[in-house]
Amino acid sequence: MSKPKKLFIKTYGCQMNVYDSERMAEALGGQGYVETQCADDADMILLNTCHIREKAAEKVYSELGRFKGLKAEKPDLKIGVAGCVAQAEGEEIMRRQPLVDLVVGPQSYHRLPEMEAKTRQGGKALNTDFPEEDKFEQLKKRPKAKRGPTAFLTVQEGCDKFCAFCVVPYTRGAEVSRPVDRILSEARDLVERGVREITLLGQNVNAYHGAGPAGDMTLAQLIWQLDKIDGLERIRFTTSHPNDMNDDLIEAHGTCDKLMPYLHLPVQSGSDRILKRMNRSHTAESYLRLIERIRAARPDILMSGDFIVGFPEESEADFQATLDLVEEVKYGYAYSFKYSTRPGTPAAERPQVDPAEADDRLQRLQALITRDQRSVQDSMVGREVKVLFEKPGRLPGQMGGKSDYLHAVHVDDADVEIGDLRRVRIVDSAANSLRGVLA
Ligand code: SF4
């Protein structure tokens, strides 16, 4: 039997990339690859890139430059670039960095086996098309392996919203929803392989409108179909746009026991003037009223959000409106970033905020968010929550998992197995996690 080849994948960015990296590893498993955690051991290195951060492409080029010595030592080593930078830069990557053998965009991962074979014959392989066939169906043709208790499942890709700061509509293309039967079959397959919690992924997941047996289904209707799967205990979804938070999805948060009380609903700014310039097509007020309705359906829901600070032309008064919105919502989690230009997006051309001013605003916003996050987390002490155990903790005998609200929870001397869903009484709150005892 021939020795397995080793694959090293470095994943940047969002959960969609984590999911895609898993699918790429599975697709290349059919070519005799097993994953390694060490680039020095690898026969193939894949960088699964993200275009969200500032100078993302430059960072990929500098990362690639580090493999020069390794490629000189191992001429058979193949180096590939996947993800949004691959989609945005395409052939330019091979031109600027000749040691790259393969460039593959997010819509073409099912083509990886044939692309890898081409590189083994000494060629270069490039595919950044948006093909007609369903890449997920092609990727499903793979050996089945046991899985951990949680998994991501992509249900929707791309976005038509064109927020002025975002590259997703350009790198991932227009919104496409996968058909319901294919998602259900992948979900059943995951559950058979040990998964108990599924997070439905999409760049704009609540805009889901996949074909069902009697017409298109909404995300809420899809969730109710998933709810029927025995053995699947928890359903989450991310990331949502406020304008696609339909009545049936809000209602499902109040009535579907498997749908977890956690919602990531980015707002980006609290200023209507900036929201308009961002092309967000909602206002701070409409967002706040939406949260009221969601909390009326599910009072204990933990809200999570995203913010961009220092967006072009943001004034101190605009920023103050963001702080006011944060004060009102009281997020359990929130992610905040300083605006950075993404070439090709409308906002990149506009007058930029002084970087020192933007830094200062970011620190002030993060201080407020951290205060609320901590207070929401601390409010769990004394409560009983359900925890899905995912892995051993750092201390001997300790096990770690996530509560329904997505808080990390550790239990010392826990008589539980990975994959167990147990009630835990929270006894302490540390910086980034809770400690509990089995109830
Ligand atoms: S809705 Fe999200 S993915 Fe779509 S353009 Fe706006 S920020 Fe990007």
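Just so we're clear, the structure is a prediction, and the values are computed from it rather than from any experiment.

K.L.:
How should the environment of K78 be read in this particular structure?
P.N.:
As for its placement among the helices and strands, K78 is situated in strand 4 (residues 78-82). Given a relative accessible area of 9%, K78 falls into the buried group. Separated by 33 residues in the primary sequence, K78 and I45 place their C-alpha atoms 6.3 Å from one another. Dropping the residues within four chain positions of it, K78 is found in contact with D43, M44, I45, K71, D101, T119 and R120.

K.L.:
Explanation requested: the site of the ligand in the structure shown.
P.N.:
C159, K161, F162, C163, F165, C166, V168, P169, H241 and R280 make up every residue found near the ligand. Partitioning the shell around the ligand into residue classes produces seven nonpolar, one polar and two charged.

K.L.:
Help me understand the pattern of salt bridges in this model?
P.N.:
Oppositely charged side chains can form a pair if their charged atoms are brought close together. Counted under the stated rule, the structure contains 40 salt bridges. In this structure, the salt-bridge partner of R289 is E292, at a minimum N-O distance of 2.8 Å. Of this pair, R289 and E292 both sit in helix 13 (residues 284-297), three residues apart, roughly one helical turn. Of the residues examined, R289 reaches a relative accessible area of 30% and is grouped as partly exposed. In this structure E292 comes out as partly exposed when scored by relative accessible area, which is 47%. A salt bridge links E327 to R371; the shortest N-O distance between them is 3.1 Å. Of the two residues, E327 sits in helix 14 (residues 316-329) while R371 sits in helix 15 (residues 355-378), which places them 44 residues apart along the sequence. Residue class for R371 comes out partly exposed when judged on its relative accessible area of 40%. One connected set of salt bridges, linked through shared partners, spans E22, R23, E26, R147, D189 and R193.

K.L.:
Just checking my understanding: could you explain the domain arrangement of the chain for this structure?
P.N.:
Often the size quoted for an interface is simply the accessible area lost on bringing the parts together. Taken domain by domain, the chain comprises domain 1 (5-127), domain 2 (136-378) and domain 3 (384-438). Here domain 2 and domain 3 have C-alpha centroids that lie 25 Å from each other. With 17 residues of domain 2 at the interface, the matching set in domain 3 holds 21 residues. Taken together, the two surfaces of domain 2 and domain 3 that pack against each other cover about 1500 Å², and 54% of this comes from carbon and sulfur. The three residues of domain 2 that bury the most area against domain 3 are P149, R234 and Q377, which together make up 38% of that side's buried surface. At the boundary of domain 2 and domain 3, one finds one salt bridge. Between D404 and R234 there is a salt bridge, with the nearest N and O atoms lying 2.8 Å from each other. Our count for the contact surface shared by domain 2 and domain 3 stands at 13 residue pairs in polar contact (both at pLDDT 80 or more). Elements with a contribution of two residues or more to the side of domain 2 that touches domain 3: strand 13 (234-238) and helix 15. Counted by class, the side of domain 2 that touches domain 3 contains seven nonpolar, two polar and eight charged residues.

K.L.:
Help me understand the nonpolar core in this model?
P.N.:
Most often, soluble globular proteins have nonpolar side chains that are buried together. Counting 54 residues, the largest nonpolar core has L200, F237 and Y331 as its most contacted members. When residues no more than four places from it in sequence are discounted, the contact partners of L200 are L153, V155, V205, L219, L222, I223, L226, I235, R236, F237 and T238. Counting 22 residues, the second largest nonpolar core, distinct from the first, contains L47, F67, L77 and V81.

K.L.:
I tried to follow unusual backbone geometry on my own but got confused; where do I start?
P.N.:
The general pattern is negative phi for most residues beyond glycine and trans for most peptide bonds. Along the chain, T238 connects to T239 via a cis peptide bond; the corresponding omega equals 5°. Positionally, T239 belongs in the loop between strand 13 and helix 11 (247-255). In this structure, N279 is a non-glycine residue whose phi angle is positive, near 65°. Residue position: N279 is located in the loop between helix 12 (272-277) and helix 13. A positive phi angle, near 55°, is found at S281, a position not held by glycine. The residue S281 is located in the loop between helix 12 and helix 13 in this model.

About the thresholds
Residues numbered from 1 in each chain as written. Predicted model: local features only at pLDDT ≥ 70, side-chain atom pairs only at ≥ 80, totals over all residues. Heavy atoms only, no water. Helix = DSSP H or I, 4+ residues; strand = E, 2+ residues; numbered from the N terminus. Buried < 20%, exposed > 50% of the residue type's maximum accessible area, 1.4 Å probe, protein only. Contact = heavy atoms within 4.5 Å. Near = heavy atom within 4 Å. Nonpolar A, V, L, I, M, F, W, Y, C, P; charged D, E, K, R; others polar. Salt bridge = Lys/Arg side-chain N within 4 Å of Asp/Glu carboxyl O. Domains from an automatic or database assignment. Buried area = accessible area lost by both parts, 1.4 Å probe. Polar contact = N/O pair within 3.5 Å; in protein donor to acceptor, adjacent residues only side chain to side chain. Core = buried A, V, L, I, M, F, W, Y, C linked by side-chain atoms within 4.5 Å.

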